[in-house]
Structure formats: structure tokens, C-alpha cells
Amino acid sequence: MPIKPSPAPATPGSGWPNAWRALPRLSHLLLALALAGGAFPLAAEDFQGSSHTLAYDEPPISYSAQKPNDRIAQLQAHIASGEVKLQWDEQFGWLPALLDALKVPQSSQMLVFSQTSLQRHAINPRNPRAIYYGEDVYIGYIPNAPMMEVSAVDPKLGGIFYSLDQEREARPTFVRNQDCLQCHVSGRAMGIPGHFVRSLQTDGGGDIKSGTDTGEIDHCTPLADRWGGWYVTGQHGAQTHLGNLVGTSAFERHASDPGYRGNLTDLTPLLDTRKYLQPHSDIVALMVLEHQTHMHNYITRLNYETRTMVGTYGHIRYLKSQEDAFLRYLLFTEETPLTAPVSGEPQYVADFLAPARRDSRGRSLRDLDMKTRMFRYPCSYLIYSEAFDQIPTVMREHLLQRLYDILTGRDTSPQFAKLAANDRQAILEILRETKPNLPAYWNPHTADQTSHPAPDFTPAVASRTP
């Protein structure tokens, strides 16, 4: 019979201004998983304190008490009403139908064999977990496992986690799974309910080796430190990574021959790919995932902190370092440069570009470079996301003004100095045509004026109680 997890309420934290709290007390299994890598190093682009857990279950957030409105919650409502009917597949269960219903491309498939899941005992290098994703939803599938692991990004709450039993029934039910928070609220996820990518060594069975965790992985992490515990297909030249290394002997071989098992295009010597929808674990999909998960965590963190700050003090003046770090990450100012071209599955690239918003010159923030950096125009496509638009108005308007100042050269601070003038201009022009509801001073007909509204750190009406 499928394993039905028992939802456990998240552990409350303390109130503001003492807004940090210790990590939740974990079960023995999840404690081993979460702490295998020891302390979490502070990434270069993050702000001091960003790895501390916020009081997400207290007002004004009240995460566990809120009814989410994410893509999975919306799909569940459509299933319950009969508007959507998922088709059962005899080999893959609900997986193909779920991907279709959520418009998640099969080409996004990545395979991870480290035992870092609630269903860890079903995972090993011959039976890895497949992960598929869209802009705000993630699907985890393990062959022959009793349930699927599903999560989504709620625009106001951040990551919401579900399980779906792999049992044939008329109307499948997604169960909100609070157990996932024991790992998904940690320093790796910036102290809020979020998503993250790990890189660590495993033994021959996929069990993680203590002390080898790189920490959170994002676009600032050197490729040489990425993808331990993952399969990786695609070309990356002489650049090295930790993917495709199974067991101690493989890592020892890699130490003397860093290119060992790099540039793989065929995984059939390592596992039976017929158990999965696709035969690959795409390198480009992995790189986009790493940027996306951390960017979403930044958005959620800033949302939480703004709501808490305004509710307590009526302003956001104490969030300067958070705002700066957010903009540095949004604009890829500390991205690890590529030293050789990277290429993966052409279908993934096509699927990723399909929803692109393009300006009159055909340019999009989704356009990939993959020669010297990830994106042709270094500004995150998640600036279009509903989650970004749900950042409280006082902070969102301030971010847009800071962004305008950076792109027009008004902001000359060293932290954005690496952003080339032609990139600033291109991003400015793309956003002017493709980002709805920008402030009036973004309009090209008024942008040459010497002044625009000064920063307003205080909401028009500020409640000083949570």
C-alpha cells in the first residue's frame, strides 16, 4: 500500500524584531539528510543573516494556517469539479498526465541518485529520482515508488509541498505535506519554505557521505562544485563538475582525472533509461533550475521580511542589505562565468523559450547564451512572475526604481559595476516593452527627465501590528 504521510505542523518561531529562530527539531532520518554537509556557507551574493530561519508560522505570514493558491491547489480544484480529468498511465502512473495538465515539459527531466528525499529507500544510482519543472512547479517521480513528490511556488507563501499517491482512482488527491518543511525550511532555502539544489558525494548505493555537501547551489557556484549525486548529460568542454560519479572509487578517479565522466550524452551504461520518460538528465535544465530556485527563494524572503517590517515599524528602511543582495542576484552580477560553451537537449531549449516575452526587436530575458554566461541579457525572467508582482507595493516600487537607476547609469555603486553598458540598455529596452505596469518614469518618452519620484520607504497606510 502507498505510504500516506502524516502532515505535521511547522514549528513556530519567535516574533519580530527577534525574527530568527533555530532550525526545527528534525526526525532522525531528515536530521541526517539536512545536516550531512555541516554548516551552510554564506553565498557571495546573499546578505548577512539570510541563512537564518524566519518566523514563517507566526503573523503576519502564518504559513501553515493559510490556504495556498499555487498551481497545484488550482489543479486540485479543477479535478474536484470534474473540469480536469487526469489519465492514468500503466507504466508511469499519474506522471504524464500531470505534466500535461501543468504544462511542464518532459524535456526538463533531470535525474538525481543521492538519497535526499522522503522516499530515500526507493532511490539508488540504478533507480534515480526524476525531477521535472516549470516556472513555478516541480514534479518528483521515482519508478515503483508509492507516491509522487510535488511542489509549487505560491506567490505570497513560497514553496508549498504535496504528495500524490500512485494509485489509480477517479479523482486523485494532492495532500499538503508539512513533513517536507523539515528540510525545505533551512539555510539552503534562505530560511523560508523554498526549493534548493544540493551537490554532495554518495556511496555506491546513493547514500550521502557526511561532510561533502557543497551547500546551496545557484548560478554563482563554480561548475566544478556542482551536481554531486546527479546524472548530467550534455557538452561543457574542459569545464568539470561532480555529476555522474557513483561511489568512492569514482570520486577518487575524478580527483586525478577531473574530466572523468564529463560530457556524457548517453546514460544507458549507468542505468536503464527506459524506466523514464526521457533518456537524459539535461545540463542546461540543471543550470536554469539552480538559478530559478534561488531566485524564487529571494522573492519569498523579501516578501516575508517586508510584510514583517511594515507590520512592526511601518517602513522598510532596515532592509537595505536585503534589497541590494536581491538586485545583485536578479542581475547576475556574481554569476560564475563559463569558460567553454555548454549545450544540452535542443528540445529543452525550445520548451524553455516557448513562453518568452519578446520586444519589438525579438529580444527576451529568456534568451540563452551558454557560451560565456547563462543568459544573453542578464536579468532574471522571474521579474515577470506573479511572485515578484506580489512583493508588497512599498518594496516592489522601490526595487523597480533602484533597477531603473542601475540600468540608466544613475546608480554608480561598485556592486553593479560589472554590468556592461550595452547589457543595461538592452535590459531597459526589453522591460519597457514587455513588463506591464511599470512606473511612469520608465516610459521612454519621459525617461530622459533629470528627476523621477524619490524613494518612498513608507506605505501610505502602515499597520504597526502584525
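Parameters and conventions
Residues numbered from 1 in each chain as written. Predicted model: local features only at pLDDT ≥ 70, side-chain atom pairs only at ≥ 80, totals over all residues. Heavy atoms only, no water. Helix = DSSP H or I, 4+ residues; strand = E, 2+ residues; numbered from the N terminus. Buried < 20%, exposed > 50% of the residue type's maximum accessible area, 1.4 Å probe, protein only. Contact = heavy atoms within 4.5 Å. Expected span 1.5 Å × (residues − 1). 1 Å grid on protein atoms, 1.4 Å probe; cavity = no way out; pocket = protein on both sides within 12 Å on 5 of 7 lines; lining within 4 Å. Points joined across faces, edges and corners; volume = space filled by probe spheres on them. Nonpolar A, V, L, I, M, F, W, Y, C, P; charged D, E, K, R; others polar. Pairing = 2+ DSSP bridges. Axes fitted to C-alpha atoms, helices over the stretch in contact; angles between N-to-C directions. Salt bridge = Lys/Arg side-chain N within 4 Å of Asp/Glu carboxyl O.

Enquirer: Could you clarify how one ought to interpret the side chain of threonine 300 in this entry?
Expert: Tracing the sequence through the fold places threonine 300 in helix α6 (residues 283-313). The class of threonine 300 is buried, set by a relative accessible area of 6%. The contacts of threonine 300, once residues within four sequence positions are left out, are Leu157, Gly158 and Ile192.

Enquirer: What is the right way to look at helix α11 (residues 421-434) in this model?
Expert: Every α-helical turn comprises 3.6 residues, leaving residues that sit three or four positions apart pointing alike. Here α11 spans 20 Å end to end across 14 residues, near enough to the 20 Å set by a 1.5 Å rise per residue. All of the buried residues along α11 are Asp423, Arg424, Ala426, Ile427, Leu428, Ile430, Leu431 and Thr434. Where α11 is buried, its residues touch α10 (393-407).

Enquirer: Help me out: how do you make sense of unusual backbone geometry in this one?
Expert: Generally, phi is negative for residues other than glycine and the peptide bonds are trans, each holding for most cases. Cis geometry marks the peptide bond from proline 59 to proline 60; its omega dihedral reads 10°. Tracing the backbone shows proline 60 in the loop between β2 (53-54) and α2 (71-81). Positive phi outside glycine occurs at asparagine 244, with the angle close to 70°. Its relative accessible area of 0% is what places asparagine 244 among the buried residues.

Enquirer: It is not clear to me how the layout of surface pockets should be interpreted in this structure. Could you clarify?
Expert: Empty space among the atoms becomes apparent when a probe as large as a water molecule is rolled across them. Roughly 470 Å³ of volume is contained in the largest pocket. Arg71, Gly134, Glu135, Asp136 and Arg366 are, among the 27 residues lining the largest pocket, the residues nearest its centre. In terms of residues, the lining of the largest pocket owes the most to one element, helix α8 (residues 346-353), which gives three residues. Here the second largest pocket defines a volume of roughly 260 Å³. Along its surface, the second largest pocket is lined by 14 residues, and Phe332, Thr333, Glu335, Arg373 and Lys418 are the ones closest to its centre. Per-class residue counts for the lining of the second largest pocket are six nonpolar, three polar and five charged.

Enquirer: Would you mind showing me how to read the sheet that holds strand β7 (residues 158-165) here?
Expert: In a beta sheet, neighbouring strands pair by backbone hydrogen bonds and run either parallel or antiparallel. A sheet is described by the order of its strands in space; here six strands give the open sequence β3-β4-β5-β6-β7-β8, paired in antiparallel fashion. The open sheet is flanked by β3 (110-112) and β8 (174-176), the only strands paired with a single partner. Pairs of neighbouring strands in the sheet enclose a mean axial angle of 25°, with direction left out of account. As paired elements, strand β4 (residues 129-133) and strand β5 (residues 137-141) share four bridges and run antiparallel to each other. Within β5, the residue paired with tyrosine 133 across the bridge is tyrosine 138. Packing of helix α3 (residues 95-102) onto the sheet brings it into contact with β4, β5, β6 (147-154), β7 and β8, and relative to β5 it is tilted by some 175°.

Enquirer: Explanation requested: the pattern of salt bridges in the structure shown.
Expert: Side chains bearing opposite charge may pair, as long as their charged atoms lie close to each other. Tallying each qualifying case throughout the model produces 20 salt bridges. Glutamate 135 is the salt-bridge partner of arginine 366, the closest N and O atoms lying 2.7 Å from each other. Taken together, the residues arginine 366 in the loop between α8 and α9 (386-389) and glutamate 135 in the loop between β4 and β5 connect sequence positions 231 residues apart. On the basis of relative accessibility, which here comes to 9%, the residue arginine 366 falls in the buried class. Taken together, the shared-partner salt bridges connect Lys320, Glu323, Asp324, Arg402 and Asp411 into one network.

Enquirer: Would you mind going over the environment of aspartate 100 with me for this structure?
Expert: Take aspartate 100: it is sitting in helix α3. Sequence separation between aspartate 100 and glutamine 87 is 13 residues, and the spatial gap between their C-alpha atoms is 10.0 Å.

Enquirer: Explanation requested: α10 in the structure shown.
Expert: In a regular helix each residue adds 1.5 Å, so 15 residues correspond to 21 Å; α10 covers 21 Å between its end C-alpha atoms and thus fits that length. Most of α10 is tucked away, with 13 of its 15 residues classed as buried. Taken from the residues just after α10, glycine 409 is the one with a positive phi, measuring 85°.

Enquirer: When you look at the pairing of β7 in this model, what are you seeing that I'm missing?
Expert: When a strand is regular, its side chains alternate between the sheet's two faces. Burial of β7 is extensive: eight of the eight residues sit out of reach of the surface. Counted between consecutive antiparallel strands, the loop separating β6 from β7 contains three residues. Bridging between β7 and β8 involves three bridges; their strand directions are antiparallel. Within β8, the position partnered with tyrosine 162 by the bridge is arginine 176.

Enquirer: Where do I start with the environment of arginine 361 in this structure?
Expert: Checked against the element boundaries, arginine 361 lands in the loop between α8 and α9. By relative accessible area, arginine 361 is classed as exposed at 61%. Separated by 69 residues in the primary sequence, arginine 361 and isoleucine 430 have C-alpha atoms spaced 8.8 Å apart.

Take it as geometry only, folks, not as evidence of what the structure does.
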